Amino acid sequence: MAILFLLDGLLYQAALWIAPLLTDRGVLATPGLHLQLGLCWLLAFLVLDVYNPSKGIRWSQEGQRVFMASVLAGLMLAGLLYLSGGVLPRGVFIVQIGIAAILIWGYRIVLRLWHRWLRLRQERTHGVNRILVLGAGDIGVNFAREFINASWPGLELAGFLDDEPVRDSTASEPLPGIGILGTISNVTGVVTGYRIRSIVIALPRWEYSRIARLISELSELPVNVHVVPDYFDTAFFNFTVDTLGGIPVIGLREPAIDGFQRVVKRVVDLLLGALLVVCAAPLLAVVAAAIWLEDRGPVFYWTDRVGENREPFRMLKLRSMRVGAEALQEDVNETDEAGNVIHKQRDDPRVTRVGRFIRKYSVDELPNLWNVLKGEMSLVGPRPELPWLVDKYKPWQLKRFAVPQGMTGWWQVTGRSDKPMHLHTEDDIYYIQNHSLWLDLQIMWRTIAVVVRGRGAY
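Residues numbered from 1 in each chain as written. Predicted model: local features only at pLDDT ≥ 70, side-chain atom pairs only at ≥ 80, totals over all residues. Heavy atoms only, no water.

Right, let's talk about the overall build of the protein chain for a bit. A count of helices and strands for the protein chain gives 15 helices and 12 strands. Expressed as a percentage of the 458 residues in the protein chain, the buried residues total 44%. In the protein chain, 69% of the contacts between residues at least 6 apart in sequence involve partners at least 24 apart. Total accessible area on the protein chain stands at roughly 25000 Å², and carbon and sulfur atoms take up 62% of it. (Helix = DSSP H or I, 4+ residues; strand = E, 2+ residues; numbered from the N terminus. Buried < 20%, exposed > 50% of the residue type's maximum accessible area, 1.4 Å probe, protein only. Contact = heavy atoms within 4.5 Å. Areas by Shrake-Rupley, 256 points an atom, 1.4 Å probe, with all protein chains shown as cover.)

If you want it as C-alpha cells, here you go:
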C-alpha cells in the first residue's frame with residue numbers, strides 16, 4: 001500500500017506537468033500549485049479509502065474508487081484555486097484530471113495483469129491450488145462464501161469435510177456446487193484423492209483439542225494449513241501472529257484502526273478538535289454561567305468511562321443534573337421485559353432545567369473536546385460506556401472497544417437515546433467493520449442535523 005501511495009502521488013504531480021504540453025499551453029505549473037494539488041489528492045484518496053485492500057479486491061471496485069477520488073481531488077483543487085486567487089486554465093485543469101485518472105488506473109491494471117500472469121504461470125507449473133475446508137458449520141460456510149465472492153484466481157475450493165452428521169458429497173451441499181467430501185477422519189485420503197494443496201480448519205472453539213491433533217496430523221502431509229479463529233472472533237476484532245522472544249504468539253487486543261489510518265484519524269481529531277474548541281468557547285461561557293446561576297453548583301462534571309481497549313478514563317462534561325445525582329442512579333434504573341437495565345429515562349427527576357436544554361442539543365458534551373485533544377477520545381467512534389454497564393456486556397459486545405471511543409458515532413446518528421447504547425452494540429460493530437475517513441466525515445455531517453433537531457437526546 002505504501003508503494004501505491006507513493007506512485008499515485010508522483011503520477012498526479014506528473015499529470016500537472018503533462019497537461020499544459022498537451023493543451024498547447026507551455027507554461028508549467030508553479031511549485032505552489034503542485035503543493036495544492038498534492039494536498040487535494042491526498043485528502044481525496046484518504047476520504048474515499050482508496051488504499052484499503054478489503055475495498056479494492058475486484059478491479060471494478062478499485063477503478064470506481066480511483067476515478068471518484070480523481071474527480072474529488074479536481075473539485076477540491078478548483079475550490080482551493082478560487083479561494084486563493086490562483087489561476088489554472090480550464091483546458092489544463094480538465095486534461096490534468098483525465099491524465100491522472102488514466103495513469104493511476106492504467107498502471108494498476110498492468111499490476112493486476114502481471115499478478116494474474118504470475119498466477120497462471122504458477123498454475124501451469126504446479127497446478128491449481130485446491131482448498132479443503134474442515135468443518136461445514138457456520139464458520140466454514142461463512143469462510144467459503146467470502147472466498148467465493150472474492151473470486152481469487154489460481155485458487156479453487158474443493159469442498160468440505162464434516163462429521164456431524166456424517167454425509168457424502170451427494171447428501172447435502174452447504175453452498176451451491178460445493179459439497180461435503182467425507183468425514184474429517186478421512187482427511188488423508190481426501191487430500192491425496194483430490195490433490196489438495198491447502199487446508200482450512202474451520203471448527204468451533206470447543207473443538208480446540210481436536211484442532212491441535214489435526215494440525216499435528218496434517219504436518220505429515222504436503223499441504224498448507226490455516227485456521228479460522230472462531231474463539232478470538234467472539235471477543236476481539238483484530239489479532240496478529242507474531243513472535244515474542246522467539247516464541248510464536250497471537251496478539252488478541254490489537255487495534256482495529258492501525259497504522260496510516262490511525263495517524264490520519266488523529267490528525268483530523270487535533271485539527272477539527274482545536275477549531276471546535278475556539279468556535280464553541282462563547283457558547284460554553286454562556287451555558288456555564290446559566291448552570292452556575294441555577295443552583296450555584298459546579299459547572300463541569302467528571303464521569304468515569306471506559307475507552308479503547310477497555311482503558312478507564314475521566315470524561316469531562318457540563319453538569320446537567322443536580323449535585324449528588326450519582327447516588328440516586330439505582331432509583332432511576334428500570335428493567336425491560338427481557339431483563340435489560342435501562343439507565344436513562346426521558347423524565348429523569350435529577351436533570352435540572354438548564355440540563356434538559358443542553359442535553360437536548362448535546363451542548364453538555366462539548367467539553368468532551370478536552371478528552372479528544374488529550375487523545376483519550378476521538379471525534380467519531382463508539383460512545384464511551386459507563387463501567388458498571390460494561391460489566392454486564394456479553395463477550396461479543398466488547399468488540400466496540402477495539403477503536404477509539406468518540407463524541408459522536410453511527411449509533412448517535414441512527415437513534416441515540418431512542419436506542420439504548422448498551423442494547424444496540426451492533427451499530428458500533430458496523431462502524432468498526434466499515435471504518436474509513438469518508439464514513440467519519442459522513443457521521444460528523446449527519447450529527448449536525450441530529451443535534452439541531454434534538455432527536456433522541458434526554
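Turning our attention to the sheet that holds strand S2 (residues 155–161). The sheet built from four strands is open, its strands ordered S2-S1-S3-S4 with parallel pairing. This sheet does not close on itself; its edge strands, each paired only once, are S2 and strand S4 (224–227). Between one strand and the next, the sheet's axes are offset by a mean angle of 25°, whatever the strand orientation. Alignment of strand S1 (residues 129–134) against strand S3 (residues 198–201), held across four bridges, turns out to be parallel. Among the inter-strand pairings, Ile-131 is bridged to a residue of S3, identified as Ser-198. (Pairing = 2+ DSSP bridges. Axes fitted to C-alpha atoms, helices over the stretch in contact; angles between N-to-C directions.)

With that settled, consider the environment of Leu-72. On the secondary structure map, Leu-72 appears in helix H3 (residues 59–84). Taking the C-alpha atoms as reference points, Leu-72 and Ala-44, 28 residues apart in sequence, are found 5.9 Å from one another. Non-local contacts of Leu-72, meaning those with residues more than four positions away in its chain, are made with Ala-44, Val-47 and Leu-48.

In this section: empty space enclosed by the protein. Enumeration over the complete set of coordinates arrives at one cavity of 30 Å³ or more. One number sums up the size of the largest cavity: a volume of about 50 Å³. Considering the residues around the largest cavity, the lining is formed by Lys-265, Val-268, Asp-269, Ser-378, Leu-379, Val-380, Leu-437, Asp-440 and Met-444. Contributions of two or more residues to the lining of the largest cavity are made by helix H9 (259–295), strand S11 (378–380) and helix H15 (437–453). (1 Å grid on protein atoms, 1.4 Å probe; cavity = no way out; pocket = protein on both sides within 12 Å on 5 of 7 lines; lining within 4 Å. Points joined across faces, edges and corners; volume = space filled by probe spheres on them.)

With that out of the way, let us pick up the pattern of salt bridges. As enumerated under the stated definition, the model contains 10 salt bridges in all. Glu-308 is the salt-bridge partner of Arg-262, the closest N and O atoms lying 2.6 Å from each other. A residue pair is termed long-range when its members are at least 10 positions apart, and Arg-262 in helix H9 and Glu-308 in the loop between strand S7 (300–306) and strand S8 (312–318) qualify at 46 residues. On the accessibility criterion, Glu-308 (22% relative accessible area) is partly exposed. The residue Arg-400 makes a salt bridge to Asp-428 at a minimum N-O spacing of 2.9 Å. Of this pair, Arg-400 sits in the loop between helix H13 (387–390) and strand S12 (406–408) while Asp-428 sits in helix H14 (residues 425–433); the two residues are 28 residues apart in sequence, bridging distant segments of the chain. (Salt bridge = Lys/Arg side-chain N within 4 Å of Asp/Glu carboxyl O.)

You will see that Arg-195, though not glycine, has its phi angle at about 50°, which is positive. Relative to the helices and strands, Arg-195 resides in the loop between helix H6 (187–193) and S3. For Arg-195, a relative accessible area of 68% translates into the label exposed. A positive phi angle, close to 60°, is found at Arg-310, a residue other than glycine. For Arg-310, the position within the fold is in the loop between S7 and S8. By relative accessible area, Arg-310 is classed as partly exposed at 42%.

Across a regular strand the side chains alternate sides, sitting on one face of the sheet and then on the other. S2 sits mainly inside the fold: five of its seven residues count as buried. Two strands pair when backbone bridges link them, and S1 and S2 are joined in this way by six bridges, in the parallel orientation. Looking at the pairing, Arg-130 lines up with Glu-156 of S2.

For the rest of this paragraph, the subject is the nonpolar core. In terms of nonpolar packing, the biggest core is built from 32 residues, with Tyr-12, Phe-45, Leu-77 and Leu-88 touching the most fellow members. Sorting the residues of this core by element identifies helix H1 (2–22), helix H2 (31–47), H3, helix H4 (90–126) and H9 as the ones contributing at least two each. In this view, Leu-88 contacts Leu-33, Leu-77, Leu-81 and Phe-93; residues no more than four positions away in its chain are not counted. (Core = buried A, V, L, I, M, F, W, Y, C linked by side-chain atoms within 4.5 Å.)

Once that is clear, we can look at the confidence of the model for the protein chain. Note that predicted coordinates carrying low pLDDT should not be read in detail. With 75% of its residues at a pLDDT of 70 or more, the protein chain has an overall mean of 77. Predicted confidence is poor over residues 166–171, with pLDDT under 50, and the contacts of this stretch with residues over four places away or in other chains come to 10 contacts. (pLDDT = per-residue confidence, 0-100.)

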